[in-house]
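Reading the structure
Residue-level listing of the chains:
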Amino acid sequence: SNPIAAGATVLGGVMSFKGQQAQAKQVQQIAEYNAQVAEQEKVALAEVKAKEEVSLRKNAERLVGTQRVMTAASGVQMAGSTLNALKDTFFAKELDALSIQQASSREQAMKTQEAAMTRLEGRAKASGLKYQSYASLVNSGSKAATLMG
């Protein structure tokens with residue numbers, strides 16, 4: 001029976017337990033931070049797409065204005081192919097705006113999923129580390145009991 005070796009074994013097990021518990025906590029904190037970064041990126045992407053859409057609409061309105069001025073200057077009436085050109089510009093603008101909105105929705109959904117997966121992976125890794133910490137504590141207790149004879 002060797003009480004010093006048994007004590008050292010228990011101490012080592014406790015230290016290992018505490019280290020793995022701290023590592024589990026850190027892993028989970030890092031995962032939460034990364035998830036929050038993904039959520040912030042989602043907000044930023046939405047803002048960028050909203051600005052893109054506003055810019056598209058402004059440019060389309062300028063184009064329509066130019067088309068009207070040119071038509072008025074030429075003396076042609078707003079009918080037939082001239083009116084069709086304005087309609088085409090309007091519908092193209094709306095389709096482009098819809099494409100931007102859909103891209104924004106997809107990008108935001110991807111960031112939401114990324115954040116959720118990051119949190120899930122963090123919890124899974126932390127859970128594994130906690131399990132290992134308990135296993136090392138039990139293992140060191142078993143070794144100490146053997147040493148004590």
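Let me begin by describing the structure that accompanies this report. Every chain is numbered independently, its residues counted from 1 as its sequence is written. This being a predicted model, a pLDDT of at least 70 is required before a residue's local features are given, and a value of 80 or more before pairs of side-chain atoms are given or counted; all residues contribute to the totals for chains, interfaces and linings. Think of the side-chain values as coming from all heavy atoms in the structure, minus any hydrogens and water.

Remarks on the packing of aromatic side chains
Think of it this way: a Phe, Tyr or Trp ring, Trp meaning its six-membered ring, pairs with another when their centres are within 6.5 Å, and the plane angle makes it stacked under 30 degrees, edge-to-face over 60, tilted otherwise. One pass over the full model with this rule turns up two aromatic pairs. Aromatic pair F17 and Y134: ring centres 5.3 Å apart, planes at 55°, arrangement tilted. Here F17 is found in helix 1 (residues 3-74), whereas its partner Y134 is found in helix 2 (residues 80-148), with 117 residues between them in sequence. Looking at F17, the relative accessible area reads 18%, which means it is buried. Secondary structure elements follow DSSP: runs of H or I no shorter than four residues count as helices, runs of E no shorter than two count as strands, and numbering proceeds from the N terminus. Throughout, exposure labels follow a simple rule: accessible area from a 1.4 Å probe, protein chains only, divided by the maximum for the residue type, with under 20% read as buried, over 50% as exposed, and the rest as partly exposed.

Side note on the pattern of salt bridges
We define a salt bridge as a contact between a side-chain nitrogen of Lys or Arg and a carboxyl oxygen of Asp or Glu at a distance within 4 Å. Counted under the stated rule, the structure contains 10 salt bridges. We note a salt bridge from E41 to K111, for which the minimum N-O separation is 2.5 Å. Taken together, the residues E41 in helix 1 and K111 in helix 2 connect sequence positions 70 residues apart. For E41, a relative accessible area of 33% puts it in the partly exposed group. Look at K111 and you get buried, because its relative accessible area is 16%. Note that R57 is salt-bridged to E53, the shortest N-O span being 3.1 Å. With R57 and E53 both in helix 1, this residue pair falls four residues apart, about one helical turn. Classification of R57 as partly exposed rests on a relative accessible area of 26%. Residue classification places E53 among the buried residues on the basis of a relative accessible area of 15%. Put simply, E53, R57, E61, K93 and E94 are held in one network by salt bridges that share partners.

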